[in-house]
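Notes for the structure review
Given next are the chains, with one letter for each unit.
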Amino acid sequence: MNTNVNDDFDELEAMFGQEDSDLSKMEKIVLTQNLEGFASCFPDWDLHPPVGK
């Protein structure tokens, strides 16, 4: 019976782990869009982050 509980937790962890990854990607996209939108309101200011090499 204890094995079933561990299997259930492993399954939940796998599901939530993937959701968290997808959620992080969506959050990053939304934050990027918000920052780009904000930066476009001030075209004379250099608000863009430096581009990495």
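Data block above holds the structure.
**Some thoughts on the overall build of the protein**
- In terms of regular secondary structure, the protein is built from one helix and zero strands.
- Counting across all 53 residues of the protein, residues that qualify as buried make up 2%.
- Counting only carbon and sulfur atoms, one obtains 59% of the accessible surface of the protein, whose full area is about 5,300 Å².

**Quick look at the packing of aromatic side chains**
- Summed over the entire model, instances satisfying the criterion amount to one aromatic pair.
- Relative to F42, the ring of F38 has its centre 5.1 Å away and its plane inclined at 55°; by these criteria the two rings are tilted.

**A look at a nonpolar patch on the surface**
- A surface patch of nonpolar side chains, about 300 Å² in accessible area, is lined by F9, L12 and M15.
- Inspection of the secondary structure puts L12 in helix α1 (residues 2-40).
- Classification of L12 by relative accessible area gives partly exposed; the value is 37%.

**A short note on a negative patch on the surface**
- A surface patch of negative charge is lined by D7, D8, D10, E11 and E13.
- The residue D10 is located in helix α1 in this model.
- Its relative accessible area of 49% is what places D10 among the partly exposed residues.

What counts and how
- Residues numbered from 1 in each chain as written.
- Predicted model: local features only at pLDDT ≥ 70, side-chain atom pairs only at ≥ 80, totals over all residues.
- Heavy atoms only, no water.
- Helix = DSSP H or I, 4+ residues; strand = E, 2+ residues; numbered from the N terminus.
- Buried < 20%, exposed > 50% of the residue type's maximum accessible area, 1.4 Å probe, protein only.
- Areas by Shrake-Rupley, 256 points an atom, 1.4 Å probe, with all protein chains shown as cover.
- Phe/Tyr/Trp six-rings, centres within 6.5 Å; stacked < 30°, edge-to-face > 60°.
- Patch = residues over 30% accessible without salt bridge, like charges linked within 9 Å, V, L, I, M, F, W, Y side chains within 5 Å.
- Salt bridge = Lys/Arg side-chain N within 4 Å of Asp/Glu carboxyl O.
- Lys, Arg positive; Asp, Glu negative; His and termini not counted.
- Charge placed at Lys NZ, Arg CZ, Asp CG, Glu CD.

The analysis is restricted to geometry; functional conclusions fall outside its scope.
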